[in-house]
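If you want the building blocks of each chain, they are given just below.
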Amino acid sequence: MNIIWLSLIIISFIFAAINGRMEEVVNAMLKTSQSAVMVAFSLIGIMAFWLGIVKIAQKSGLIDLFSKAIDPVMKIIFKDTKKNSQAYSNIALNFSANALGLANAATPFGIKAMQDLQKENPNDKKVATNAMCTLLAMNTAGFQLVPASVLAILIASGATNAAEIILPTLIVTSISFVSAILISKILERVF
Amino acid sequence: MKEVLNTISVWILPVIICVILLHGLYKKIPLYETFCDGAKEGFWVAVKILPYLVAIMVAVSMFRASGALEFLYEIFKTPLEALKIPSDTLALMITRSLSGSATLGIFSDIVNTHGADSYAAKLAAVITGSSETTFYVIAVYFGAVGITKLRHALLTGVLADMVGIVCAVIVSRFFFYS
């Protein structure tokens, strides 16, 4: 990430110099750092709510119960986690919320799952484990049953049959979801 | 199909919340105190994510503002047109992994210039709807637990996005191209 981050910034300055857009780049830098704060802070409320609910489920033992139930499936995808790991429940909830297009609920579950996986991380806590990378791959692939925001834009622009994009989108997102997990499984042997 | 999914989407959260609360009540958990105890973490999670989000969002927005994307665009334009892929969708393909809001903006542009029923709009819809913003997801999920050594996570996300784009082109050609 060090090299990628540095490259993004250096390349930006080089292109800005060539294209005479240094002012735009500096403005983008100042403005975006502010909007990043807004994005992070807009997560606080929903995060607090779900973490509160999840805490109750954790204390009452519901999370353990659920994790035990889905252990066989999860064991296939997340090999290096503990048996009946608490992370399983939160991973399943993260996936379900994503699939239903509830991005607001998916993020807190996903973060909770990452925290659970971090607790099991036997190595340096700064280094991602295989399970963390797989969970991340599941999320970057962005599997969802109905792409609500895309549909909304199409309908607002007067599409005659906006719903016809649902099936093709579902096919594509399913393929990239499965390949994301497979690619992560293959690459984890290399890195 | 769509109505059924919408109904599920609306009802799933209330059902989950009720199951969790009633199970907690049955197990005699102090609900209110436990909720507040858990909710306290919400603020700190957001604070923990913040530096990672600033780092990634700023770098990506500088990259976009510098015009470096236009350079990539010029390189790929001719081969894509030879494959009968509308060149406007190229900007979308390049931006998809980098920025969510920029992706939605470009998608709206394509729909407005080509019309909502055009092939370009449908291909753009499939590309936009079938993926998530890789850089943002990495910042939020890994930032929340302080991971800075990503190993293969970024490469996986970008490769999967590429697989998605190739599939989107093939599937859209099959469904929509006339």
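Source: prediction; values computed, not measured.

Definitions and cut-offs
- Residues numbered from 1 in each chain as written.
- Chains lettered and ligands numbered in written order.
- Predicted model: local features only at pLDDT ≥ 70, side-chain atom pairs only at ≥ 80, totals over all residues.
- Heavy atoms only, no water.
- Helix = DSSP H or I, 4+ residues; strand = E, 2+ residues; numbered from the N terminus.
- Rg over C-alpha atoms; globule rule 2.2 N^0.38 Å.
- Contact = heavy atoms within 4.5 Å.
- Lys, Arg positive; Asp, Glu negative; His and termini not counted.
- Charge placed at Lys NZ, Arg CZ, Asp CG, Glu CD.
- Buried < 20%, exposed > 50% of the residue type's maximum accessible area, 1.4 Å probe, protein only.
- Areas by Shrake-Rupley, 256 points an atom, 1.4 Å probe, with all protein chains shown as cover.
- Axes fitted to C-alpha atoms, helices over the stretch in contact; angles between N-to-C directions.
- Parallel < 35°, antiparallel > 145°, perpendicular 65-115°, else oblique.
- Left-handed = near helix turned anticlockwise from the far one by under 90°.
- Nonpolar A, V, L, I, M, F, W, Y, C, P; charged D, E, K, R; others polar.
- Core = buried A, V, L, I, M, F, W, Y, C linked by side-chain atoms within 4.5 Å.
- Buried area = accessible area lost by both parts, 1.4 Å probe.
- Salt bridge = Lys/Arg side-chain N within 4 Å of Asp/Glu carboxyl O.
- Polar contact = N/O pair within 3.5 Å; in protein donor to acceptor, adjacent residues only side chain to side chain.
- 1 Å grid on protein atoms, 1.4 Å probe; cavity = no way out; pocket = protein on both sides within 12 Å on 5 of 7 lines; lining within 4 Å.
- Points joined across faces, edges and corners; volume = space filled by probe spheres on them.

S.K.: What should I look at first to understand the overall build of chain B in this one?
M.R.: Summing up its helical and strand segments, chain B has eight helices and zero strands in all. For chain B, the succession of helices and strands along the chain, N to C, is α-α-α-α-α-α-α-α. Compactness check: chain B gives a C-alpha radius of gyration of 21 Å against a globular reference of 16 Å for 178 residues, more than 25% above the reference. Taken over the C-alpha atoms alone, chain B extends approximately 65 × 40 × 30 Å along its principal axes. In chain B, once contacts between residues fewer than 6 apart in sequence are set aside, the share between residues at least 24 apart is 65%. Between the averaged position of the 13 positive side-chain charges in chain B and that of its 12 negative side-chain charges there is a distance of 8 Å.

S.K.: Just to check I follow, could you spell out the overall build of chain A for this structure?
M.R.: Each helix and strand counted, chain A has nine helices and zero strands in total. Start at the N end of chain A and walk to the C end: the helices and strands fall as α-α-α-α-α-α-α-α-α. The principal-axis extent of the C-alpha atoms belonging to chain A is close to 60 × 50 × 35 Å. Within chain A, the fraction of its 191 residues that count as buried is 53%. Carbon and sulfur atoms provide 68% of the accessible area of chain A, an area that totals close to 8,700 Å². With 15 positive and 10 negative side-chain charges, chain A shows a spacing of 8 Å between the two charge centroids.

S.K.: Would you explain the packing of helix α3 (residues 44–60) of chain A against helix α2 (residues 31–65) of chain B in this entry?
M.R.: A pair of packed helices is captured by two measures, namely the crossing angle of their axes and the spacing between those axes. Taken N-terminus to C-terminus, the directions of α3 of chain A and α2 of chain B make an angle of 135°; their axes are 6 Å apart at the nearest point. With respect to α2 of chain B, the axis of α3 of chain A lies oblique. Relative to α2 of chain B, α3 of chain A is oriented so that their crossing is right-handed. Touching Ile44, Met47, Ala48, Phe49, Leu51, Gly52, Ile53, Lys55, Ile56 and Lys59 of chain A of α3 of chain A are Leu31, Thr34, Phe35, Asp37, Gly38, Ala39, Glu41, Gly42, Phe43, Val45, Ala46 and Ile49 of chain B, all from α2 of chain B. Looking at the contact of α3 of chain A with α2 of chain B, its residues break down into 14 nonpolar, four polar and four charged.

S.K.: For this particular structure, what's the right way to read the nonpolar core?
M.R.: Soluble globular proteins tend to pack their nonpolar side chains together in the buried interior. If you look at the biggest cluster of nonpolar residues, it comprises 66 residues, and the most contacted ones within it are Phe78, Ile91, Met114 and Leu136 of chain A together with Ile49 and Phe142 of chain B. At eleven residues, α2 of chain B tops the list of elements feeding residues into this core. Apart from the residues lying within four places of it in its own chain, the contact partners of isoleucine 49 of chain B are Leu43, Met47 and Ile111 of chain A together with Ala139, Val140, Gly143 and Ala144 of chain B.

S.K.: What is the right way to read the interface of chain A and chain B from this model?
M.R.: Often the size quoted for an interface is simply the accessible area lost on bringing the parts together. Between chain A and chain B, the contact holds 99 residues from the first and 93 residues from the second. Between chain A and chain B lies a buried interface of about 8,400 Å² when both sides are counted; carbon and sulfur atoms form 78% of it. Three residues stand out in chain A for area buried against chain B, namely Met1, Ile56 and Thr140 of chain A, and they jointly supply 8% of the buried area on that side. Applying the counting criterion to the chain A and chain B interface returns four salt bridges. At the junction of chain A and chain B, the tally comes to 22 residue pairs in polar contact (both at pLDDT 80 or more). A total of 14 residues in the side of chain A that touches chain B trace back to one element, the largest contributor, which is helix α9 (residues 166–187) of chain A. In terms of residue class, the side of chain A that touches chain B is made up of 61 nonpolar, 29 polar and nine charged.

S.K.: Looking at this model, I keep getting lost on the pattern of salt bridges. Mind explaining?
M.R.: Side-chain pairing between opposite charges can occur once the charged atoms of the two side chains come close. Taken as a whole, this structure holds six salt bridges over all chains when the rule is applied. Lysine 112 of chain A is the salt-bridge partner of glutamate 41 of chain B, the closest N and O atoms lying 3.8 Å from each other. In this pair, glutamate 41 of chain B is assigned in helix α2 and lysine 112 of chain A in helix α6 (residues 103–120), connecting two distinct chains. With relative accessibility at 6%, the residue lysine 112 of chain A sits in the buried group. Look at the salt bridges and you will find they share partners, linking Lys55 and Lys112 of chain A together with Glu41 of chain B into a network.

S.K.: Would you mind showing me how to read the side chain of threonine 169 of chain A here?
M.R.: Topologically, threonine 169 of chain A is positioned in helix α9. Not counting residues within four places of it along the chain, the set of residues in contact with threonine 169 of chain A comprises Pro147 of chain A together with Ala125, Val126, Gly129 and Ser130 of chain B.

S.K.: How do you make sense of the layout of surface pockets when you look at a structure like this?
M.R.: Vacant regions in the atomic arrangement are exposed by a probe of water-molecule size rolled over the atoms. Taken as a whole, the largest pocket holds about 1,100 Å³ of empty space. Lining the largest pocket are 43 residues, and of these Gly100, Ser101, Glu132, Thr133 and Tyr136 of chain B lie nearest its centre. For the lining of the largest pocket, the secondary structure elements donating two or more residues are α2 (22–42), α6 and α8 (148–156) of chain A together with α2, α5 (100–114), α6 (119–129) and α7 (134–143) of chain B. Of the residues in the lining of the largest pocket, the class split is 20 nonpolar, 20 polar and three charged. Lining the second largest pocket are 22 residues, and of these Leu72, Met93, Ile94, Val158 and Met162 of chain B lie nearest its centre. Counting only elements with at least two residues in the lining of the second largest pocket, the list comes to α1 (2–19) of chain A together with α3 (68–82), α4 (88–95) and α8 (153–176) of chain B. A per-element tally of the lining of the second largest pocket places α8 of chain B first, with six residues. Here the residues of the lining of the second largest pocket are counted per class, giving 19 nonpolar, two polar and one charged.

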